[in-house]
Amino acid sequence: MENIRDTSGDLIQGTLDMLILKSLMRGAMHGYGIAEWIHQMSQQVLRVEEGALYPALHRLELRGLLSAKWGASENNRRAKFYQLTAEGKKKLTSESQRWARLSAAVAFVMQQA
Amino acid sequence: MPEWLHEIELRAKALFNKRRLQRDLADELAFHQAMLREKFEREDRDLENVPASVHQSFGDAHRWHERLTELWQFRWLENLLRDLSFAARILHKSPGFTSVALLTLILGIGTNAAVFSLVNGLLLRPLPVPHAEELLILRQLPSGFGYSFCIPVFRLLEKRTDVFQDVFAFTNHEFQVRNGNRNESHGGALVSGQFFAGLGVPPQLGRYLNATDDQPGGATSGLAAVISDQFWKTWFNHAPDVVGSKLILDNVAFTVVGVMPRSFIGAEITSRPQIYAALAIEPLVDAPFNNTASGYHSWWFRVAARRKPGMSVAQTNAALRAISGPLVQEAIPDSQFRIDYKTQEQLYLSAESGSTGYSFLRKDFRYPLLVVFVLCGAVLLLACLNLASLLLARAAAREREIATRLAIGATRRRVIQQLLVESVLLSFTGTLAGFAVAPLTARFLSFFITNNYSDLDTSVDIRVLLFAAGIGVLCTLVIGLVPALHASFGSVQTQMRQGAQNLRRARSQRLLGNLMLTAEVALTLIVVIGAGLLGTSLMRVYRTGLGFDGHGLLLVDLDITKQSWKAPAVLQFYCEFADEAARIPGVGNVTYAMPTPFSGSTSWDDWYSNSKKQTLYASSIAPDYFQTMRIPLLTGRDFAWADTYVTPLKVVLNQAAAQYFFPIADPVGQQIRDSDGKNAKTYEVIGVVGNTKYADLREAVRPMVYKPLTQDDLKTPVYTFVLRISGKPGPAIDAIRNLTVRLAPGAPEPNFLTMDRQINEAISSMRMIVMLAVFFAICALLVTAIGLYGTLAYSTSRRTSEIGIRMALGAQRKQVVWLVFRENAIVAVIGSLAGMGVALLASRALTTLLYNTSSHDLPVMLLSVAALGAIACIASLLPALHAAHIEPIEAIRYE
């Protein structure tokens, strides 16, 4: 299992942001849900540490890529729900493209004998 | 919305609702933990271990909370606020250092801003009229009458609309305004027809003067006057129906036709005319004088112009030059008068930019003021250097504190930032305080320069503000650079660990500090030498000997020209006035003179004896003049009231004139003539008196002739009443005021001036620059003394343990004193040498301001070095003696 920590490495930082944006593509979600979703979707390979998740979420909120609203969770608790803004969606698109290009390139290099 | 703006908006919201932010953060994290707990419970773990595994998985919630809070703050702002309060606390804890630092800055910045506002008022500020940049001031070249013009030239010029948009003349005129049965003096101006149109300021009430007013005898509708806003307020109490009111000016009836707005000050920046009348009616208000009738013999007003749109100064000048030959020729038929007496060239007219208006002060004060400005800049630089070296020394003394802060986790950037904030706080406060005292200083200086007889506007405007901000930033840079330099010498941590590096670093740091101190000493020496040279000159001017005793003389300007008295009545008035005044208690000898020495007006003529010709300064005097002035009568006799023009014409010569005309024979009884033509009048020399200075304190004694008042035709009776008084002039002034009311009821109140003051005014530009230079020199010495003392005291306190060990090993107290003293002695010697070198080169700039003093005057140089040396010794001995009293045991324990 890979733990995503809050390091200053640009790749990891940028990647976590991208994963968060991606997780919110289908609608608003709280922080716990986002972490769980990434964990599930990566087939338990990626686990986002809380110490990395929340700073990333708040940074994205500050940058205007996410908007936040308080609401009731599935088990009726007060929770903060995050949602993609128009800017966030744009960012997600460009990030996905960039990631696709990058990962293909890395894979290509690694496949060389 | 750009990302950064969004960020600021959210952060600002968080800043103003801190409690809500905290609650939200806590809730969010708590929710996450709760969800985790549920999940672990669902996953059927050992219930007892759930809290532990939540904690293990989630980590320290407090830490996340803190990190998130930080994320939402304006970190730099809050850090800055924290640094500021810390810096304020540190500065507050060392009040000695702080007050010295602030004082030097206030001194430096305050005087600079003040001197600059003078420079600004006199040289830079444009005249408050629309499009001041289009204004031109006209003058004659090669030198001729300079900026003065005569009626014939001006009236021809006025018609040349092909060269100028408007061209106009103006001159100050003191109006006697009738108030009841007395006259009051009010400053005003005589202006030509295009004056107001040319300046382009519309009146706030009525109309302004125009060409119809500016004709001999005035407009057919009567004589018109325009008044200032100030006069409207004081004389007419802002009455709305003032237009049409009557004013009796110089015994002539005028009608007020308009009121100018408050911002209007005329075309001279150093005067504020209250009443404007037309130039052409000068003979009416100037009577018994008549400059207009004197034609090209009388050059008595200034001329300015507004250039045509689209014509540059150079183009206008070329056009003016082209027309000036024929124009001058037409105006001045006598070819002798068209030729400059120095260069023998034909006079021609020239225009220069006049956006800042005209001022007679400018000519006298431009250079001295610039010299003062440079001196004062040097003092500011000194203050900065001083503060920088003090801060450096202080930072060294604070190494321990800084090292501790680094050790417990502060980043180097934060420490540097902290130190920077400290110096910026200092320089910012200093600048602000300095700027606050600047207007007061500026008013004081301008009072000094102008003796309060002019109204130079030295108020703060955008240029002064920019200048102050500029020097503030500059100071901050110089001062703030120190912590940066200090930090760039390597990490304090490594310095703590490695002794060798420590030594190297301490050395290079001390070198930097010593370099700054050396520069300070050099700069101070330059300022002190400059002040010494100027001060010596002034002293020599005073000591040069006036030839008379000016102390205790009171001068009274009696204006009886508007009384329309015939000569016998004037003579009778003069006699009676003198008799009565002599009876006032405390009054000694009394007399009259025209002009008095250093009054600003001079009179001279060519005189002839049988074989010789000489230009003599002239003065008309009443009997007892020599006794009153205490001028020795060498041979012959004084004038007497009985020497009227029924007796032969008489003169008294001064020694220089007598020696020139009659080197061998006894001058008394000889005759001289006032011209060599047919109409020459012959005068008998009845006495010879000692030489006196006349027009300028700085010029050599010139030959001089005295004529008696009793043989004057008294058509223009503008004699000054001169009296010798004992004690304060106050009572005598009151008595003479009453006497004037009694004997000349219609006359305006006389002006009073002591001879001491008249002499000081005659050399006011020199006095100003000398006093300022001496003031700056004292400041410089003080600042340097503080710098030498402060840095040495700091560096010595760092060496306490070293000195303790030396003493424990047997060093004598004398040796310790020398050890400490040596540090500054080297700095002082090198600095003095460098300063001396620069001063030798730079003092040449003062040559034109010096009197009887070489710019390399050796005694002044030596004395300056001695003064600086003495101050440096005292400043360095104190820490040295202090060091010598260190008790070895305590010193070692101290470490």
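What counts as what
Residues numbered from 1 in each chain as written. Chains lettered and ligands numbered in written order. Predicted model: local features only at pLDDT ≥ 70, side-chain atom pairs only at ≥ 80, totals over all residues. Heavy atoms only, no water. Helix = DSSP H or I, 4+ residues; strand = E, 2+ residues; numbered from the N terminus. Buried < 20%, exposed > 50% of the residue type's maximum accessible area, 1.4 Å probe, protein only. Areas by Shrake-Rupley, 256 points an atom, 1.4 Å probe, with all protein chains shown as cover. Contact = heavy atoms within 4.5 Å. Buried area = accessible area lost by both parts, 1.4 Å probe. Salt bridge = Lys/Arg side-chain N within 4 Å of Asp/Glu carboxyl O. Polar contact = N/O pair within 3.5 Å; in protein donor to acceptor, adjacent residues only side chain to side chain. Nonpolar A, V, L, I, M, F, W, Y, C, P; charged D, E, K, R; others polar. Pairing = 2+ DSSP bridges. Arc of directions from axis to C-beta.

Visitor: Sorry, what's going on with the overall build of chain A here?
Guide: From N to C terminus, chain A includes 4 helices and 5 strands. The helix and strand sequence of chain A, counted from the amino end, reads β-α-β-α-β-α-β-β-α. Split into buried and exposed, the 113 residues of chain A put 45% on the buried side. Element-wise, carbon and sulfur atoms account for 56% of the exposed surface of chain A, whose accessible area totals about 6,200 Å².

Visitor: Would you take a moment to explain the interface of chain B and chain A for this structure?
Guide: Interfaces are often sized by the amount of accessible area the parts lose when they come together. Tallying the contact residues gives 26 residues for chain B and 28 residues for chain A. It is Glu28, Phe31 and His32 of chain B that lose the most area in chain B upon contact with chain A, and together they represent 25% of the buried surface on that side. Scanning the region where chain B abuts chain A turns up 5 salt bridges. Among the salt bridges present, the one from Glu36 of chain A reaches Lys39 of chain B, with a minimum N-O distance of 3.1 Å. Taken together, the connections running from chain B to chain A amount to 13 residue pairs in polar contact (both at pLDDT 80 or more). Among the secondary structure elements, those contributing two or more residues to the side of chain B that touches chain A are α1 (3–16), α2 (18–42), α3 (50–58) and α4 (61–72) of chain B. With 13 residues, α2 of chain B is the largest single contributor of residues to the side of chain B that touches chain A. Class assignment for the residues of the side of chain B that touches chain A results in 13 nonpolar, 3 polar and 10 charged.

Visitor: Got a minute to help me understand the sheet that holds strand β4 (residues 66–72) of chain A in this structure?
Guide: Strand pairing in a sheet relies on backbone hydrogen bonds. The paired strands run either parallel or antiparallel. All names here are of chain A. Here we have 3 strands laid out as an open sheet, ordered β2-β5-β4, and antiparallel in their pairing. The outermost strands of the open sheet, each flanked by one partner alone, are β2 (29–30) and β4. Note: β2 against strand β5 (residues 78–84), 2 bridges, orientation antiparallel. When the bridges of β5 are listed, Met29 appears paired with Tyr82.

Visitor: Is there a simple way to think about the environment of Gly790 of chain B in this case?
Guide: The topology assignment puts Gly790 of chain B in helix α23 (residues 764–798). Once the C-alpha coordinates of Gly790 of chain B and Leu391 of chain B are considered, the two residues, 399 residues apart in sequence, prove to be 9.6 Å apart.

Visitor: I'm lost on the pattern of salt bridges in this one. Help?
Guide: Oppositely charged side chains can form a pair if their charged atoms are brought close together. Evaluation of the coordinates by the stated rule reveals 28 salt bridges over all chains. Taking the shortest distance from any N to any O, the salt bridge between Asp606 of chain B and Lys613 of chain B comes out at 3.8 Å. Three or more residues joined by partner-sharing salt bridges are found here, namely Arg78 of chain A together with Arg20, Asp24 and Asp27 of chain B.

Visitor: Help me understand helix α22 (residues 755–762) of chain B, please; the structure alone is not making it clear to me.
Guide: Each turn of an α-helix holds 3.6 residues, which means side chains three or four residues apart point in the same direction. Every buried residue belonging to α22 of chain B is among Met755, Gln758 and Ile759 of chain B, and all of these are buried. Mapping the buried residues of α22 of chain B onto a view down its axis gives an arc of 100°, with all of them on the same face.

Visitor: Is there a simple way to explain the pairing of strand β18 (residues 682–689) of chain B in this structure?
Guide: Across a regular strand the side chains alternate sides, sitting on one face of the sheet and then on the other. Residue and element names in this part refer to chain B. Burial of β18 is extensive: 6 of the 8 residues sit out of reach of the surface. As judged from the 3 bridges shared by strand β15 (residues 633–636) and β18, these two strands associate in the antiparallel manner. Within β18, the residue paired with Thr635 across the bridge is Val688. Here strand β16 (residues 650–654) pairs with β18 via 5 bridges, running parallel. Counted as the bridge partner of Val651 is Val685 from β18. The pairing of strand β17 (residues 671–673) with β18 spans 3 bridges and is classified as antiparallel. From the neighbouring strand, Arg673 faces β18, where its bridge partner is Thr682.

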